[in-house]
Structures are given as structure tokens and as C-alpha cells.
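Survey of secondary and tertiary structure
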Amino acid sequence: MPSFAFHPVDLPPSVSALRAEVRDFLRNEAADLPAERRANCWSVFDAAFSRELAARGWIGMTWPRRYGGGERSALERYVVLEELLAAGAPVGAHWIADRQSGPALLRYGSEAQCERFLPAIVRGECFFCIGMSEPNAGSDLASVRTRGVKTAEGWRISGQKVWTTHAHQAHFMIALVRTRANAEGTKKHDGLSQFLIDMKAPGVRVRPIADLAGEVHFNEVFLDDVLVPHDMLLGVEGQGWQQCTGELSLERSGPERYLSSHALFVEWLRSLCADARDRTCDAAQQAAGRIAAELWTLRQMSLSVAGQLAAGTDPAVEAAIVKDLGNSFEQALPGRVQALACAGMALEDDTPLARVLALLLQTSPSFSLRGGTREILRGIVSRGLGLR
Ligand SMILES: Cc1cc2nc3c(=O)[nH]c(=O)nc-3n(C[C@H](O)[C@H](O)[C@H](O)COP(=O)(O)OP(=O)(O)OC[C@H]3O[C@@H](n4cnc5c(N)ncnc54)[C@H](O)[C@@H]3O)c2cc1C
């Protein structure tokens, strides 16, 4: 039976200087962020901050120099990301373009598309959103109904997307669209295509959806006969499913999959240290040690996947495990901290710990939904192990 491959990764010595450089930058630029803004920070949109990172070469770090990239290693990029996320830096504006849309363009895009979009992403001037999910197509993504019809002047696209993160602020969407109807005898995964859609094009309407905490990160997107030029088809017509699943594997196992609640852990440790000066709190200290050990294990597993990706292998099963375990960890953390820290503390207290806890208790249920649900990931793992 196949098994998991999690090999330890030794970070090259070159990353120490880079890590110090990022920490220096963050000490000046992100030290005063309130705890609740540091939580889940890869959803926090701040275009000016993204441009500051761009000026330091921290967007598109691994991409070819001819498109403005830094040609640095995947492990160097990992170190920059983990430092940004651990500090709670607001990296949401460029996150999708840097992690997913840019690599998809590099893999499937035409030369003209790469030349147009990649340098703009690297400069922090072009942000992307992901147009996959629809009202009746989430886990069962191949059921998308948004239709694209080829005409002489371009593709005419109509349909609806939902849960589209940052659609109200992004410049372009990579949308999954049905371009050929399901004929008898064909699979529903056939006949799908990906398009680069200008979010300002006539016929694109974005309606924000507020989440439980009242914040707007994701949206409904209505596409009403939107004219998309022929040269904005990404990759091969009809190959959208294969391209899309390749794109999803890029987003599974990074440090964002276990660090979304990190600001809470930091605030809780601070309060624990203050408490420890007055009294002993063995149970909480033991729990903190256990949580730190879990965090470190997840970090080593995630780093191992990054190492395998850098070496050119495709650790799809390991990436799915990291996402599932990482999401379970970051999702459970608010409840664990609440149970340990909240004797005598009201959620409406105006302390950093209370504020970040209140926010994460409301938003953490979504951590195991975005990017593929727990059940879908476990299906991928069991298939990879030959169990289904
Ligand atoms: C914060 C957030 C941000 C998001 N951002 C984006 C975005 O930018 N772009 C985008 O396209 N989408 C985005 N999504 C959507 C996300 O990808 C979907 O919510 C997710 O894929 C699940 O789809 P669904 O909501 O339709 O649920 P469903 O697919 O209807 O699933 C409902 C439940 O049934 C379970 N289930 C479904 N099928 C199976 C099965 N075969 N076996 C066992 N259990 C199953 C699921 O695990 C889940 O628990 C985002 C979601 C969230 C929460």
C-alpha cells in the first residue's frame, strides 16, 4: 500500500539573512497592528502594504526574471510567507495572484498573457480572484453552469459565481466556465475552460456577502453576457478541469493552512506570561506546550511538502493531509483557548485577547471550507492510498 512521504527539510543557510530582513521590515511596518487585524491576515486586503512588499521583491519571488520575478527558491519564499503570516501582516490583496493565479499563468498562459499580467502582479498593481464555486457547484466543481459561447468578436460568458474572495477589489478573475455542453457519453469534467475576466468589463456585477463577523471578504459575482476577448482564454479550451485541479494543488499546503489563528496563540501566551508572574497555572502552561508542539509538527510537515514541490515532485496526498490537519488545528484553537483562558473573561472585554478570540470564534468555522472541505480532502487522501 502506498504511504506518506514526509521527509525532513533543512533550510539552506541563505534563508537566515532573508528571515532577518523580513523581521526587520515587519518590526517597522507591522508592529502596531491590533490583534484582531493580525488574525487570518491572508484575508486582510491592504493594497498599499502589498506594494511595499512588492518593492522588496517579495511577490512573485520564484518567477522568472523576465517577468519581473526574483528566481528565488520555493524554500526562500516559504520563509518570507511564514514570517509575514506569523506577524499578522495584511497580505490578502496579492495573496491569490502570488500563490495561484501567477503560477497558473506561468504553467498555462500564452507569452502575451504572461508579459501582460506577471510583471503587474510582481509590482503589486494587479490583484486576482478565483471564480470556481457557484451556487450549485462547490465540492462538485465540475457541475459549474456558467456558460461560454464563442463568437466572432470573443467569448460571451453568462452565469453566477459565489464566495469569490476579494472579487469587489480584484482586477481580474480566473473563472471556470463550461464551453461545451455535456454530450451523452462524455464526462462532466470535459468541456470546461478557464478565462481571464476583467472585473470592470460591462456585464460583471459584484455583490458583497458579509460573513458572521460582519466583514466583507467574499462576494457573489454575476456575469451577464460578458464579452471576453479570444486571447483571454487561459490554456486550452476544454482542458479547464485539468488546469483547475492543478491550480488547486498549489493552494493546499502552505503556512496559511495552520497559521490563521496564530495571532490568538500569541495574545494568549502574552496573557499567560503575565499570569504566571502572579500564580501558577500548570494546566494552561501544559496546554500551551502541547499547542506549540502541534504547531511545530505542522510546520515541519508543510515545509516538507514545500521541499518536495521545489524538487519537482507532486506530493498531492501529503498536501491534502497538511491542509486537513492544519485547518483542524487553526479551527480548534479558538475553542481550546476559550476553555483555558476565559474564566473571568467576557468576550466583549476590550482586551486584545478578548477581541481576537471573539473574531476567530465567529470566522474559524470557514477555515475548513475554503480551498476544499475536510471530507473532499480525506477523499483525496484515501484515493491516494488506494483505499477507494
Ligand atoms: C472563506 C471562504 C472563502 C472562499 N473563497 C472562494 C473563492 O475565492 N473562490 C471560489 O471559487 N470559492 C471560494 N470559496 C468556496 C469554497 O471553495 C466552497 O465553499 C467549498 O468548496 C465547498 O463548497 P460548497 O460551499 O458548495 O459546499 P458543498 O460542496 O455543498 O458541501 C457541503 C458539505 O457536504 C460535504 N460534501 C460534499 N460533497 C461530499 C462528498 N462527495 N463526500 C463527502 N462529503 C461531501 C462537504 O464536505 C461539506 O461539508 C470560499 C469559501 C469560504 C468559506
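Everything below is about the structure shown above.
Presented here is an overview of the structure given in this document. If you're wondering where the values come from, they're calculated on a predicted model, not measured in any experiment.

Along the backbone of the chain there are twelve helices and eight strands. The C-alpha atoms of the chain give 21 Å as radius of gyration, which agrees with the globular expectation for 388 residues (21 Å, within 12%). Overall size of the chain, expressed as C-alpha extent along the three principal axes, is 75 × 50 × 40 Å. Within the chain, buried positions represent 51% of all 388 residues. The distance from the centre of the 42 positive side-chain charges to the centre of the 45 negative ones in the chain is 3 Å.

Right, let's talk about the site of the ligand for a bit. Around the ligand, the surrounding shell holds 15 residues, and the nearest of these are Ser133, Ser139, Trp163, Thr373 and Glu375. With the chains in place, 61% of the 970 Å² that the ligand exposes on its own is no longer accessible. Of the residues that constitute the shell around the ligand, the class distribution is six nonpolar, seven polar and two charged.

Attention now goes to the pattern of salt bridges. A full pass over the atoms with the stated rule returns 23 salt bridges. For Arg77, the salt bridge identified is with Asp98, shortest N-O distance 3.0 Å. Here the residue Arg77 occupies a position in helix α4 (residues 74-87), and Asp98 occupies one in helix α5 (residues 92-108), the gap between them amounting to 21 residues. As a salt-bridge pair, Glu237 and Arg180 come within 3.5 Å of each other at their nearest N and O atoms. A residue pair is termed long-range when its members are at least 10 positions apart, and Glu237 in the loop between β8 (233-234) and α7 (240-249) and Arg180 in the loop between β4 (172-178) and β5 (192-198) qualify at 57 residues. For Arg180, a relative accessible area of 42% gives the class partly exposed. Taken together, the shared-partner salt bridges connect Arg19, Arg23, Glu82, Glu83 and Arg299 into one network.

Empty space left among the atoms is revealed by rolling a probe the size of a water molecule over them. Empty space within the second largest pocket amounts to approximately 280 Å³. Lining the second largest pocket we find Arg23, Leu26, Arg27, Ala30, Ala31, Leu33, Arg38, Glu83, Ala86, Ala87, Val266 and Arg270. For the lining of the second largest pocket, the secondary structure elements donating two or more residues are α1 (14-29), α4 and α8 (262-278). Across the lining of the second largest pocket, the residue classes break down as seven nonpolar, no polar and five charged.

Under the criterion given, the structure shown has ten aromatic pairs. Pairwise contacts between aromatic rings join Phe25, Phe49 and Trp58 into one cluster. A cation over a ring is seen here: Arg205 above Phe222, with NZ or CZ 4.5 Å from the ring centre.

Rules behind the numbers
- Residues numbered from 1 in each chain as written.
- Predicted model: local features only at pLDDT ≥ 70, side-chain atom pairs only at ≥ 80, totals over all residues.
- Heavy atoms only, no water.
- Helix = DSSP H or I, 4+ residues; strand = E, 2+ residues; numbered from the N terminus.
- Rg over C-alpha atoms; globule rule 2.2 N^0.38 Å.
- Buried < 20%, exposed > 50% of the residue type's maximum accessible area, 1.4 Å probe, protein only.
- Lys, Arg positive; Asp, Glu negative; His and termini not counted.
- Charge placed at Lys NZ, Arg CZ, Asp CG, Glu CD.
- Near = heavy atom within 4 Å.
- Areas by Shrake-Rupley, 256 points an atom, 1.4 Å probe, with all protein chains shown as cover.
- Nonpolar A, V, L, I, M, F, W, Y, C, P; charged D, E, K, R; others polar.
- Salt bridge = Lys/Arg side-chain N within 4 Å of Asp/Glu carboxyl O.
- 1 Å grid on protein atoms, 1.4 Å probe; cavity = no way out; pocket = protein on both sides within 12 Å on 5 of 7 lines; lining within 4 Å.
- Points joined across faces, edges and corners; volume = space filled by probe spheres on them.
- Phe/Tyr/Trp six-rings, centres within 6.5 Å; stacked < 30°, edge-to-face > 60°.
- Lys NZ or Arg CZ within 6 Å of the ring centre and 35° of its normal.

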